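# Chain and residue survey
One letter stands for each residue in the lines below.
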Amino acid sequence: MELTDCHVHLQEPVLAGHVEHIIRRAQEHSVSRFVCNGTRPFDWPIVKQIAQEHESVSPCYGLHPWFISQSRTGWQELLGDMLNGATAVGEIGLDGWIENSDEKLQQTVFRSQLELAYQLRLPAVIHCVQAWGAMMDILRTEKFLPQTMIWHSFGGSREIMAELASMGGYFSFAGNVLRKRQDRRREVLRVVPLERLLLETDSPNIIPPRRYIKSSSQDAEGKQINEPANLAGILEGISAILEIPEAALTEQLQQNYQRAFLIENNEGH
């Protein structure tokens, strides 16, 4: 059975020059597709190039809340051009953890990208950290929402999850759900409708606990780099939590991936 890593950042500088090897190692662990999320105009062309060089990489482009202050005038037009043939609009969202961030600007940028996803009939891949109040206010008042929304490394409550599911939400979990002191996140994982569940590594970030690591490398400072191959370990851990055989869970996850990313409507992505 083949797995899809529903959220990676293969364009990150720490992975430069290693992408081909990283993909090969992941494929050795049955991870066959990689949804690669751009975060700012600087890295969108890198995502595009990686996707052109590797058929297994599905490109997404969005302006992440961390980088809105760095974006030059005209980013909306550039994003619109980049999204021609893309898999999704993302990674976009809100982040209340950023110090001295302009919350109103974050919300304006987020709304504009939600509208773009709706207009282009593309899914949206969404980041939300310490901003659930503002996030839900936006989603409850937006007139037009994307057909599907993929909640990256979901960290909301079960009540929020239920409301988001009714709006077309899918919920992607990364290796942090397997860490100690993540009981609340695991409680939510257990009640996510199985047909709305996705898995990701967020490579090169969010490395899972040691027992679930299948492959990793180190950066120049000796810090471990998470790789998509570790999706196999994350599957193992989540399969145990949900008490579902890995093969059955893998089949369900692949069906969910196709629905969440509208594969039937966007052949070739």
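As a reminder, the structure under discussion sits directly above these lines.
All of the points below concern the structure found in this document. None of these values were measured; they are calculated from a predicted model.

Scoring rules and cut-offs
The residue numbers shown here count from 1 along each chain, following its written sequence. Residue-level local features of this predicted model are given only where pLDDT is at least 70; pairs of side-chain atoms are given and counted only at 80 or more, and the full residue set underlies all totals for whole chains, interfaces and linings. Excluded from the side-chain calculation are hydrogens and water; included are all heavy atoms of the structure. Numbering of helices and strands runs from the N terminus; a helix is a DSSP stretch of H or I covering at least four residues, while a strand is a stretch of E covering at least two. For this analysis, a polar contact is any N or O atom pair within 3.5 Å, provided that within protein one partner can donate a hydrogen and the other can accept it, and provided that sequence-adjacent residues contribute only side-chain to side-chain pairs. A contact between two residues is defined here by any heavy atoms of the two lying within 4.5 Å. By definition, a salt bridge exists where a carboxyl oxygen of Asp or Glu is found within 4 Å of a side-chain nitrogen of Lys or Arg. When a residue's accessible area, from a 1.4 Å probe over protein chains only, is under 20% of the maximum for its type it is buried; when over 50% it is exposed; and in between it is partly exposed. The pocket and cavity definitions rest on a 1 Å grid over protein atoms only: a 1.4 Å probe that fits but cannot leave marks a cavity, an open set with protein on both sides within 12 Å along at least five of seven lines marks a pocket, and residues lining either have an atom within 4 Å of a point. Grid points are joined across faces, edges and corners, and a volume is the space filled by probe spheres set on the points. Residue polarity follows a fixed list, in which Ala, Val, Leu, Ile, Met, Phe, Trp, Tyr, Cys and Pro are nonpolar, Asp, Glu, Lys and Arg are charged, and the others, Gly among them, are polar. Centres within 6.5 Å make a pair out of two Phe, Tyr or Trp rings, where for Trp the six-membered ring is used; the pair is then stacked when the planes are under 30 degrees apart, edge-to-face when over 60, and tilted otherwise. The criterion for a charge sitting over a ring is simple: Lys NZ or Arg CZ within 6 Å of the ring centre, and within 35 degrees of the ring normal. Strands qualify as paired when DSSP identifies two bridges or more between them. Whether a crossover is right-handed depends on one test, that the path from the first strand over the helix to the second runs clockwise when the strands point away from the viewer.

Moving on, we come to the environment of Glu 12. Assignment of secondary structure puts Glu 12 in the loop between strand E1 (3-8) and helix H1 (19-28). Put simply, Glu 12 and Gly 38 are 26 residues apart on the chain and 9.3 Å apart in space, counted from C-alpha to C-alpha.

Let us now look at the side chain of Gln 252. Looking at the element boundaries, Gln 252 is found in helix H9 (residues 246-260). In terms of polar contacts, Gln 252 uses its side chain to reach the side chain of Asn 256, at 2.8 Å. Setting aside residues no more than four positions away along its own chain, Gln 252 makes contact with Leu 194, Glu 195 and Arg 259.

Counting across every chain of the model gives seven salt bridges. Close ionic contact of Arg 40 with Asp 43 constitutes a salt bridge, the shortest N to O distance being 3.4 Å. With respect to class, Arg 40 is no different from Asp 43; both count as buried. The residue Lys 214 makes a salt bridge to Glu 236 at a minimum N-O spacing of 3.3 Å.

What follows concerns empty space enclosed by the protein. Evaluation of the coordinates by the stated rule reveals one cavity of 30 Å³ or more. If you add up the space inside the largest cavity, you get close to 30 Å³. Lining the largest cavity are Leu 3, Thr 4, Cys 6, Leu 199, Leu 231, Leu 253, Gln 254 and Tyr 257. Among the elements of the structure, E1 and H9 are those that each provide at least two residues to the lining of the largest cavity. When its residues are assigned to classes, the lining of the largest cavity shows six nonpolar, two polar and no charged.

The full count for this structure, using the stated rule, is seven aromatic pairs. Taking 5.5 Å as the distance between ring centres and 50° as the angle between the ring planes, the aromatic pair formed by Tyr 257 and Phe 261 counts as tilted. Phe 261 shares its class with Tyr 257; the two are buried. One aromatic cluster in this structure is built from Trp 132, Trp 151, Phe 154, Phe 171 and Phe 173. One cation-aromatic arrangement involves Arg 40 over Phe 67; the distance from NZ or CZ to the ring centre is 4.1 Å. The ring centre of Tyr 170 lies 4.8 Å from the NZ or CZ of Arg 196, which sits over that ring.

The subject of this paragraph is unusual backbone geometry. With an omega of 25°, the peptide bond between Gly 90 and Glu 91 qualifies as cis. Residue Ser 203 is joined to Pro 204 through a cis peptide bond whose omega torsion reads 10°. Positive phi, normally seen in glycine, also occurs at Asn 100, with a value near 60°. Note on placement: Asn 100 falls in the loop between strand E4 (88-95) and helix H4 (103-120). With relative accessibility at 81%, the residue Asn 100 sits in the exposed group. Of note, the phi angle at Arg 181 is positive, near 60°, even though the residue is not glycine. Tracing the sequence through the fold places Arg 181 in the loop between strand E7 (169-173) and helix H7 (183-191). Of the residues examined, Arg 181 reaches a relative accessible area of 77% and is grouped as exposed.

Moving on: the pairing of E7. Judged by how many residues are buried, E7 sits mostly within the fold: five of five residues are covered. Along E7, one buried face is formed by Gly 169, Phe 171 and Phe 173 and the opposite face, lined by Tyr 170 and Ser 172, is buried too. Relative to E7, strand E6 (residues 149-151) runs parallel, the two sharing three bridges. Bridge assignment links Trp 151 to a residue of E7, and that residue is Phe 171.

A word on the environment of Arg 111. Locating Arg 111 in the fold gives a position in helix H4. Note on Arg 111: relative accessible area 27%, which makes it partly exposed. The contact partners of Arg 111, leaving out residues within four places of it in the chain, are Ile 138, Thr 141 and Glu 142. At 2.6 Å, the side chain of Arg 111 forms a polar contact with the side chain of Glu 142.

With that settled, the discussion passes to the pairing of E4. In terms of burial, E4 is largely enclosed, as eight of its eight residues are buried. Bridge count between strand E3 (residues 57-61) and E4: two bridges; the pairing is parallel. Bridging across to E4, Tyr 61 finds its partner in Val 89. Chirality of the crossover, the property in question, places the unit of E4, H4 and strand E5 (residues 124-129) among those that are right-handed.

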